[in-house]
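Here's the letter readout for the chains.
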Amino acid sequence: MWGGRFSARPADIMQAINVSIGVDRRLWAQDLAGSRAHCRMLAARGIVTQADADAILGGLDAIEAEIRGGTFPFRDQFEDIHMNVEARLAELIGEPSGRLHTARSRNDQVATDFRLWVRGACDAAVEQLQGLQSALLVRAEQHAGDLMPGFTHLQPAQPVTFGHHLMAYVEMFGRDAGRFADARTRMNENPLGAAALAGSPFPIDRHMTAAELGFDRPMGNSLDAVSDRDFALESLAAASICAGHLSRLAEEIVVWMTPQFGFVTLPDDLTTGSSIMPQKRNPDAAELVRAKTGRIMGSLVALSTVMKGLPLAYSKDMQEDKPPVFEAFDALTLALGAMTAMVAALKPDTERMRAAAGSGFSTATDLADWLVRELNLPFRKAHHVTGAAVKRAEALGVDLAQLPLAELQSLEPGVTQAVYKVLTPEASCASRQSFGGTAPEQVRARIAEWKTRLASKEL
């Protein structure tokens, strides 16, 4: 490629460190799309003849057929996907192939190809996230009224419904989809035509290539166009937050499947056994989703470190932008698919959950609220009385709902028999009627809203 300036071939070690075709070959579709758009623009502007453009476009079609058919000769000697395509084009059509690179550089070419790939990955992530949300909605609707303990510090706090718990993840994954969509909006500008770094002296039409490639507009500064990788970093940040949410749900599945909890089970085809302990059913899919988070977050750190000290415009360091992005989105795709399958297959033990919902004096707050509402006690005094009631119930080995009225009246004389109506987990959940609360009616209302949003593809 640069034989006119260099008289010696690259040393073996230079070839080894410089070659990237093993990684960036997966950009072939984006590279062909960018080359087609560039070729049509060159012909439309009279920079190349229509005959040469037709030959180039025919050659690119032939290359696509070879790649799809598995016969394309990917060769390390041509370094990357861009030069592999260019070299093969020359073999197929001869001299006209050399005109394709007029008014562009590998710098704007790779920036365009990579941006197109990341844009597609963001679109795919949104689609997968909405599939996961749909699976969660099905489960949440089935269990909108089934009780379970709500936790803080992994200690029983207040009763909630299983549907309400699952809907928390619908909200999280909705924000994740929004982040990918936001990143896509910002990245949807076209670098092509920025050439090496300073633009082109040819009368190119960057708006034409932007429109053909589905970009909203050309990027406004040629230096920025070839050196920007914000789009990759922002997408990795969105992927990292999403992976964190997946990891939280995976952790809950792992905990819920322990015999100590026994809240849910997964079928045989989503669990594994042990090579030595025949009784084991291990939630390996959930554990691996949890582990993928480290790889995804690590990719963000890796690319951030590559980019942090680079002067404008392009440096070869930026060849290292693609491995972390590819790895992160491969891991995210797998994790989203696995989590969707697990959610669809989860079998909750609703009786066990309901029994646990009343444990740990989980209706203590309801007692305090009743004292405020019915006896007009200041909340801090009600909190103190309730704490004493919990201490007394614990000493007697009973729940709050089983604590004798006389015991409660010894702590606060105004307590009446009516207090027992609020001391069951069912009553506690039913009373949480504030917007977004765990009352089954509120849960079902939120499910209905999310169904409408997903049906309309609203983010």
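Before any of the text, the structure's been laid out above.
Residues numbered from 1 in each chain as written. Predicted model: local features only at pLDDT ≥ 70, side-chain atom pairs only at ≥ 80, totals over all residues. Heavy atoms only, no water.

Peer 1: If you had to explain the overall build of the chain to someone new, which residues and values would you point to?
Peer 2: On a plain count of helices and strands, the chain comes out with 18 helices and six strands. For the chain, the C-alpha atoms occupy an extent of roughly 100 × 55 × 40 Å along the three principal directions. The contacts of the chain with a sequence gap of at least 6 include a subset with a gap of at least 24, amounting to 75%. Within the structure as shown, the chain displays about 21,400 Å² of accessible surface, and the carbon and sulfur contribution to it stands at 55%. (Helix = DSSP H or I, 4+ residues; strand = E, 2+ residues; numbered from the N terminus. Contact = heavy atoms within 4.5 Å. Areas by Shrake-Rupley, 256 points an atom, 1.4 Å probe, with all protein chains shown as cover.)

Peer 1: Provide a residue-level description of the pairing of strand E1 (residues 147-152), including the pertinent values.
Peer 2: Note: E1 against strand E2 (residues 155-161), six bridges, orientation antiparallel. The residue of E2 that forms the bridge with Leu147 is Thr161. (Pairing = 2+ DSSP bridges.)

Peer 1: Could you give an account of helix H13 (residues 350-357), with specific residues and numbers?
Peer 2: One turn of an α-helix holds 3.6 residues; hence residues three or four places apart share an orientation. The complete set of buried residues in H13 reads Met353, Ala356 and Ala357. One side of H13 carries all its buried residues, which in axial view fall inside an arc of 105°. Among the exposed residues of H13, those pointing more than 90 degrees away from its buried face are Glu351 and Ala355. (Buried < 20%, exposed > 50% of the residue type's maximum accessible area, 1.4 Å probe, protein only. Arc of directions from axis to C-beta.)

Peer 1: I'd like a rundown of the packing of helix H6 (residues 106-142) against helix H10 (residues 230-256), residues and numbers included.
Peer 2: Running from N to C, H6 and H10 point in directions that differ by 20°, and their axes come no closer than 10 Å. Considering the angle they form, H6 stands roughly parallel to H10. Every pair of crossing elements has a handedness; the one defined by H6 and H10 is left-handed. When H6 is examined against H10, the residues Ala111, Phe114, Arg115, Val118, Cys122, Leu129, Leu132 and Leu136 are found in contact with a partner set consisting of Phe231, Ala232, Ser235, Cys242, Leu246 and Leu249. Of the residues assigned to the contact of H6 with H10, the class counts are 12 nonpolar, one polar and one charged. (Axes fitted to C-alpha atoms, helices over the stretch in contact; angles between N-to-C directions. Parallel < 35°, antiparallel > 145°, perpendicular 65-115°, else oblique. Left-handed = near helix turned anticlockwise from the far one by under 90°. Nonpolar A, V, L, I, M, F, W, Y, C, P; charged D, E, K, R; others polar.)

Peer 1: Lay out the side chain of Arg453 in plain terms, naming residues and giving numbers.
Peer 2: On the secondary structure map, Arg453 appears in helix H18 (residues 440-455). Nearest to the buried, unbridged Arg453 among oppositely charged side chains is Glu458, at 4.0 Å. (Lys, Arg positive; Asp, Glu negative; His and termini not counted. Salt bridge = Lys/Arg side-chain N within 4 Å of Asp/Glu carboxyl O.)

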